[in-house]
Every structure is written in C-alpha cells, then in structure tokens.
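# Summary of the model geometry
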Amino acid sequence: MDRISLTLKVWRQKGPSEPGRLVSYELKDISTHMSFLEMLDVLNEQLIHKGEEPVEFDNDCREGICGMCSLVINGLPHGPQKSTATCQLHMRKFRDGETITIEPFRAKGFPIIKDLVVDRSAFDRIIQAGGYVSMNAGGAPDANNIPIAKEIADEAMDAAACIGCGACVAACPNASASLFTAAKISQLALLPQGHPERKRRARAMVAQMDAEGFGDCSNHAECEAVCPKNISILHIARMKREYLRTIFTA
Amino acid sequence: MSPFLSSLWSSVGKKAMMGLTGLLMIGFLVEHLIGNLLLVFAEPATFNRYAHALTSMGGVLIVAEWILIIILAAHVVSAISVSLGKMRARPEGYKKKASAGPPSRKSVSSMTMIYTGIVLFIFLILHLNTFKYGPNYTTEVDGVVMRDLYKLVYEVFAQPGYTVGYVVIMTLLGFHLRHGFWSAFQSLGLNHPNYYKTLNTLGIFVALLLAFGFIGIPIWIYLSS
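Residues numbered from 1 in each chain as written. Chains lettered and ligands numbered in written order. Predicted model: local features only at pLDDT ≥ 70, side-chain atom pairs only at ≥ 80, totals over all residues.

## Thoughts on helix α7 (residues 149–156) of chain B
All names here are of chain B.
- Along α7, the positions that sit buried rather than exposed are Leu149, Tyr150 and Val153. Projection of α7 onto a plane perpendicular to its axis shows the buried side chains occupying an angular sector of 105 degrees, all on one side.
- The inward-facing, buried residues of α7 abut α2 (11–41), α3 (44–55), β2 (144–147) and α9 (196–224). (Buried ≥ 20, exposed ≤ 12 C-beta atoms within 10 Å, placed from the backbone. Helix = DSSP H or I, 4+ residues; strand = E, 2+ residues; numbered from the N terminus. Arc of directions from axis to C-beta. Contact = placed C-beta atoms within 7 Å.)

## Some remarks on the packing of α2 of chain B against α9 of chain B
Residue and element names in this part refer to chain B.
- One way to put it is that α2 packs onto α9 with a least axis distance of 10 Å and a crossing angle of 30 degrees. It follows that α2 is roughly parallel to α9 by the angle criterion. The element α2 and its partner α9 pack so that their crossing is left-handed. The segment α2 lies against α9, with Ile26, Leu29, Leu33, Asn36, Leu39 and Val40 engaging Val206, Leu210, Gly213, Phe214, Ile217, Trp220 and Ile221.
- Split into classes, the residues belonging to the contact of α2 with α9 amount to 11 nonpolar, 2 polar and no charged. (Axes fitted to C-alpha atoms, helices over the stretch in contact; angles between N-to-C directions. Parallel < 35°, antiparallel > 145°, perpendicular 65-115°, else oblique. Left-handed = near helix turned anticlockwise from the far one by under 90°. Nonpolar A, V, L, I, M, F, W, Y, C, P; charged D, E, K, R; others polar.)

## Description of the interface of chain A and chain B
- Each side of the interface is counted separately: chain A has 39 residues, and chain B has 41 residues.
- Only β5 (99–103), α6 (198–211), α7 (222–226) and α8 (234–248) of chain A provide two or more residues apiece to the side of chain A that touches chain B.
- In terms of residues, the side of chain A that touches chain B owes the most to one element, α8 of chain A, which gives 8 residues.
- Classifying every residue of the side of chain A that touches chain B by side-chain character gives 20 nonpolar, 9 polar and 10 charged.

## Some points on the sheet that holds β5 of chain A
Residue and element names in this part refer to chain A.
- Reading across the sheet, the 5 strands line up as β2-β1-β5-β3-β4 and stay open at both edges, with mixed pairing between neighbours. Only two strands of the sheet have a single partner each, and these edge strands are β2 (21–31) and β4 (76–77).
- Taken together, the 4 bridges between strand β1 (residues 3–12) and β5 define a ladder with parallel strand orientation. Its bridge partner lying in β5, valine 10 is registered against isoleucine 102.
- Here helix α1 (residues 36–49) sits on the sheet in contact with β1 and β2, set at roughly 105 degrees to β2. (Pairing = 2+ DSSP bridges.)

## Some details on the nonpolar core
- Ranked by size, the top nonpolar core spans 101 residues in total, and within it Ala107, Cys168, Val169, Ala171, Leu179, Cys223 and Val226 of chain A carry the most contacts.
- Among the elements that take part in this core, helix α8 (residues 160–187) of chain B stands out by supplying 9 residues, more than any other.
- Structurally, this core is a two-domain feature, drawing no fewer than three residues from each of domain 1 (3–103) and domain 2 (120–136 + 144–248) of chain A.
- Other than its neighbours up to four places away in sequence, leucine 179 of chain A contacts Cys168, Cys223, Glu224, Cys227, Ile231, Ile233 and Ile236 of chain A. (Core = buried A, V, L, I, M, F, W, Y, C linked by C-beta atoms within 7 Å. Domains from an automatic or database assignment.)

## Some words on the domain arrangement of chain A
Residue and element names in this part refer to chain A.
- Domain boundaries in chain A define domain 1 (3–103) and domain 2 (120–136 + 144–248).
- Put simply, the middle of domain 1 and the middle of domain 2, counted by C-alpha atoms, are 29 Å apart.
- Facing 12 residues of domain 1, the contacting portion of domain 2 comprises 10 residues.
- A breakdown of the residues in the side of domain 1 that touches domain 2 according to their chemical character gives 6 nonpolar, 6 polar and no charged.

As structure tokens, this is what we get:
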C-alpha cells in the first residue's frame, strides 16, 4: 500500500514551564515514501489551514548528518529503524491505521523549549570544556606527516561519527550523556594530536557532563542501540580509563 | 573536597568504586561458597573446625570484617547516589517507552539492580542474625570446645520456610550478578572489543555458579534432614 492513514499522539507544550500533554491528530492519505519529518510537515500544513498552531520540531539537513532532528517515536529515540536518524526514517516503516506517539527527548539536561524542541546546548558546553585540540593555526600540515595505524584511525573515525543528536541521553534509563562525552574523549585519546591534553580533557569534560545534570552510566547500553551512528559503549570504557588514569597518575 | 575525593565522587569515579567493591564482594562470595561446600561434602567436625579456625583469628578477623563493611558501605552509598541521580536526571518520564533491542544490554537484571540490591542488603542482616549471632550450640572436636555451627545450619534449613526464602533470595543474587559482573569491568574501563563477549559469558557463568551453589546447599540439607 502506498497510502496510509495514521493517528498521531503528539506532545504539545506551549513553553518551558508550561504543562504539556499528548494531543491526538488524524492524518489520512500519507504516502509511505514520505520521510517522517515530511509527514509532520503535512500535519503542520493542515494545522495552519485550520488556523491552529503548528507543531514545533527540530530539523535541518534532513540527510542524517547534522544531528538536529530528534523525537522519541513510539518510545524509541529516532524511531524503530536502527542506525537511522528521524529525518531518514520513512513512513513505509509504519502500518496503515497505526497510532504513533511522538514525544520530545526527556532529560533534565535537555529542557523542553516548546512542543518537541529541546535545548541541547548542554552538549555544546561539554565540547567547550575540552572536546578540541589546541594548536597554533597555520598552513594545513601534510596529510601523512604523523603516521597512524589503520585500526586506530578507523576506531577514532567510528567515535568521530557522533553527530551530537542526544539520542543516547534520551534512550538512557538514567538520562546519562556518557556515550556522547565518551565519543569525543575517545576519538581524541586515540590520535596523537589529542595526547598532550588528554588528562585535562577527560577531567573537564566529565566534570561538565556531571554539572549539566545528566545521570550516571549504569551500562544498559540502550544508547548504543539507538545511536544513528552505531557508536559503541566500548568508547565509554575508554573514557573511564582516560578519567581514572587522571586520578591515579600525576 | 580534595581533588581525589571529588574525582571519586564524579559519575565515573562513583561507578568505578561500585564496580571494584562489587568484584571484591564476588571474591568474598566465592570463598564463602567454598567454605559452605564443607557442609555437604565433609564431616560435621571438619566444618566446625573450619568455622572455629575463622573465628579464632582474633585481630585479623576484626580487620577483615571491617574491610568487608567498608567495601559494602562504599557499594551501597554509590548505589543510592546513582539511583537518586537517575530520578533527578529525568524529572518527567516518557508516556510511551520501548526497549531498543540488541546491542542494548538492558534487561530485567540491569533494570532491577537497586531493588535486588536492597533485598540482598536486608537479607545480609537477617543472615548474620540467623547464623553469626544465632543460638550458640557447642560441641567438642579433638578435645577443643567450639561452636557447633553445623548443627545450627542443619536445624535452620530443616524448616521449609527458611529453605524457600534462601532459594528465592539467591535467585535474586543471580540476577544481580548477571548484570553486575561484566558491568563492573565496563565501569572500571577494563572492557575491550577483544573480551567484551567473554566478559558477558563469564558474567552469566559467575551468576549461575554462585546462585546455584548457594541454592543447592540449603535444598540438599533440607532434603537430607
């Protein structure tokens, strides 16, 4: 079937401190070739025509790379399709007549701004605390000046694939930001360019993560299962090594 | 707070402490199980001599007991802190929640750690009350008067209520260890692609070994009395 009808239950909340609730909407004649966000665009067009306020949701590139889209769809961040951000999820994943519940990412560190939009600037502050390498800018260095083994480069790249969407926090039973923070610490710890600042980085980023009000990691690994970039919790193990090293070495 | 203490109390430090103390307590349980096997495979006198040797260590025993108390306290304090932090970190829950499936390791055992932990903590107090601080029967082995702990254990597990209770609680111990064992290595930063799978398999093995070990002995005693 190319066309389906749906019942949406969408979290509507007027502002950060307003109470929110799930509101039901009926949608008919939705093409299964639409992306999930296009389906929400159709909903918003209908709401605007009726003179109602459209549903606010975050999105930008719509090609799975910017990390701007979010949404918890039927209880899963980024919906039912593995390794896929919401923008790349298509309506063919849903059945005709299905009820879809759409909620914002929920965490103290991600306060709701409006409807489905949350403030993820806590992640920016974690990166600002140490998710970089300090170097004097100049001409770009030669590509292979510092030889790095293929396996190390691959592992660092796997961690660097993080788009900072925050699905890890949304899925975590403890609302922990460990996978996000670990991805950056791990990426830089693997590469020689990251070594000079590794101790300061691990301490500062973990301290910022804790200060933002995220929970502790209990190793449920839900984060890895919902991550659109398949980032492994083994990077969290490396973050722990990096951090514990700072406690026990000078 | 000193830098060392504040690091220990960070999200990483707390969980490392919980993992380390958990592994140490698993070590204690293995020793406890080996000792208990004397109840099944040895003469009453052998078991009583073993218990007597432990209690006659004087200062060493007191130090060992205090180390165990400190280990347990660190485990409990970090567990309470993680659980309270979890509630604070998501003040409003999801209306609809689903589990993501593999490679997630979320399970009944991982989601109930605090509850199985509370039950095990209460059990520990009752357990000490039943045996360590229980009725003091005496016996004479090789001319030495010592406590007849063997008699007490057999008397306790002749009662179906106690035996069933122990079976239930040791099952919960199995669930606690199923997630706890591999999770401790992850929290200590000792997990690695090369032995992630092995740690998991070993976790299941440790959970089954200790749970069935501690379940088997009361059942065996109940059936043989």
